[in-house]
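Structural overview
Residues per chain are reported as follows:
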Amino acid sequence: MEIAELKKILNSQDKKIRASTEDEASLKKMAGMLKEAKNVILSGEGDKFIIPMISKYLSDAYSDKKLEVYNARVLANYTPESINQDSLVFFLTVRGKNIDIIDAINEIKSKNASIIVITQLENKIKDSIYSALKGYKKYEIFIPIKDEIITTPSITTSNTFLSVLNTIIIYSLEDKINIEPLLITQLVDLPVSFSELNKSSSFHEWCIESAKKIKSLANPMLFFIGDGPRYPICKKASQIQFLEQCKLIGTSIQSEEFINLILEEYLNKDFNQMWILLKPVENFISVQAMNRFNEMHLMISERFEKDRIIIIDPAEFINLRGTGKKNDIILSQIYILIIEWLSYYCML
């Protein structure tokens with residue numbers, strides 16, 4: 001893909017996440033399926049396995065519904081016995097032709113469970129999700145954006161698919177809580193924040209300087225560190241975004257597991273580490289979580305110079321509205337956009 005086209009796609013993400021959740025009737029229909037299900041599984045491959053981990057945080061925070069996240073191949077090979085006619089399985093697949101997804105669908109069909117597929121595949125082609133579901137009655141297919149450009153690695157679809165999942169979960173809570181604040185954060189505040197970030201000159205200057213830090217190292221080892229819903233974003237950054245797009249090797253570390261003897265070894269040896277810390281927004285999280293971030297930052301700073309540390313902090317560039325866990329979880333999508341922009345500037 002041309003660099004200019006990629007930049008255009010990144011700049012359009014606020015409009016794309018708005019558009020992905022405009023079909024309220026379909027989203028509410030799928031939310032009804034979610035409400036009726038006794039247990040729920042979210043499944044996919046690559047980043048479409050990773051991003052549902054964020055949605056699990058949202059569900060766990062507001063619902064007593066049991067929700068699990070499975071890699072599609074694991075789901076196909078080790079299908080839980082607990083899946084039955086009262087279960088619901090979401091499959092996330094951009095191209096709709098992945099053999100692991102199709103194998104998993106066939107296993108779930110044998111359990112007579114309900115299926116929802118979120119995909120960008122519009123044509124009902126052979127050897128795809130459409131042929132796998134042909135003749136099966138308990139399924140829905142949802143296409144977030146019509147005529148969407150498919151990129152490798154995925155740009156836009158991470159955020160559109162995540163927006164769709166989160167919105168379905170929010171609608172499913174309608175009988176239990178006042179969902180209006182959650183909807184406002186997801187459907188209004190998030191796109192506004194995306195737009196503001198894209199237009200922020202200080203943000204793009206930060207991206208350029210951060211990309212220079214990364215490119216100044218020969219064969220850097222990128223360490224992405226994040227807590228809570230930011231940890232899956234670190235996995236996407238290291239396993240998908242920077243590996244596929246920039247051909248740089250990295251790993252993800254969960255903040256909650258950072259301070260132990262094994263990770264101390266990463267601090268005691270210098271092998272061209274670039275430490276990339278996803279800083280939580282202070283008024284979104286607990287004091288303890290903020291203290292953990294500050295402790296990690298201090299430990300790293302005591303052993304490495306500033307040019308080996310990158311702090312990703314959305315609040316440095318835009319004014320983030322609200323407080324508390326709904327903002328912490330839903331607005332965590334902003335970090336995905338930041339990671340995608342940073343990888344873009346590393347390509348230049």
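Residues numbered from 1 in each chain as written. Predicted model: local features only at pLDDT ≥ 70, side-chain atom pairs only at ≥ 80, totals over all residues. Heavy atoms only, no water.

The next point concerns the sheet that holds strand E5 (residues 139–142). Pairing in this open sheet of five strands is parallel, and the strands run E2-E1-E3-E4-E5 from one edge to the other. The open sheet has two free edges, formed respectively by strand E2 (66–71) and E5, since each of these has just one partner strand. When strand polarity is set aside, the average angle formed by the axes of neighbouring strands in this sheet is 15 degrees. As paired strands, strand E1 (residues 39–44) and E2 are joined by six bridges and run parallel to one another. In the sheet register, serine 43 faces E2, and the bridge partner there is tyrosine 70. Against the sheet, helix H5 (residues 52–62) touches E1, E2 and strand E3 (87–93), its axis set at about 170 degrees to E2. Running at roughly 170 degrees to E3, helix H7 (residues 99–110) makes contact with E1, E3 and strand E4 (114–119) of the sheet. (Pairing = 2+ DSSP bridges. Helix = DSSP H or I, 4+ residues; strand = E, 2+ residues; numbered from the N terminus. Axes fitted to C-alpha atoms, helices over the stretch in contact; angles between N-to-C directions. Contact = heavy atoms within 4.5 Å.)

This part takes up the packing of helix H3 (residues 24–36) against helix H9 (residues 157–172). Their axes nearest at 8 Å, the elements H3 and H9 cross at an angle of 65 degrees. H9 is crossed by H3, and the crossing has right-handed handedness. Contacts from Glu24, Leu27, Lys28, Met30, Ala31, Leu34 and Lys35 in H3 reach Val164, Thr167, Ile168, Ile169, Tyr171 and Ser172 in H9. (Left-handed = near helix turned anticlockwise from the far one by under 90°.)

Two side chains of opposite charge can pair, provided their charged atoms sit close to one another. By the definition in use, this model includes 19 salt bridges. Across the pair lysine 29 and glutamate 140 runs a salt bridge, and its minimum N-O distance is 2.9 Å. Within this pair, whereas lysine 29 is found in helix H3, its partner glutamate 140 is found in strand E5, the two being separated by 111 residues in sequence. Residues lysine 48 and aspartate 47 are paired through a salt bridge, measuring 2.7 Å at the closest nitrogen-oxygen approach. Neither residue differs from the other here; lysine 48 and aspartate 47 are each classed as buried. Look at the salt bridges and you will find they share partners, linking Arg73, Asp100 and Asp103 into a network. (Salt bridge = Lys/Arg side-chain N within 4 Å of Asp/Glu carboxyl O. Buried < 20%, exposed > 50% of the residue type's maximum accessible area, 1.4 Å probe, protein only.)

One can find threonine 156 in the loop between E5 and H9. For threonine 156, the residues in contact, after removing those within four places along its chain, are Ile9, Gln13, Lys16, Glu148 and Glu340.

Before going further, it helps to examine the layout of surface pockets. The volume enclosed by the largest pocket comes to roughly 350 Å³. In terms of lining residues, the largest pocket is bounded by 20 residues, among which Glu45, Asp47, Lys48, Val94 and Arg95 are the most central. Put simply, the parts of the chain that give the lining of the largest pocket at least two residues each are helix H4 (47–50), E3 and helix H12 (230–246). Broken down by class, the residue content of the lining of the largest pocket amounts to six nonpolar, eight polar and six charged. (1 Å grid on protein atoms, 1.4 Å probe; cavity = no way out; pocket = protein on both sides within 12 Å on 5 of 7 lines; lining within 4 Å. Points joined across faces, edges and corners; volume = space filled by probe spheres on them. Nonpolar A, V, L, I, M, F, W, Y, C, P; charged D, E, K, R; others polar.)

Its identity as a non-glycine residue notwithstanding, aspartate 147 has a phi of 55 degrees, on the positive side. If you trace the backbone, aspartate 147 turns up in the loop between E5 and H9. The backbone of asparagine 272 shows a phi angle near 65 degrees, a positive value even though the residue is not glycine. Among the secondary structure elements, asparagine 272 is positioned in the loop between helix H13 (261–268) and strand E8 (273–278). With a relative accessible area of 25%, asparagine 272 lands in the partly exposed category.

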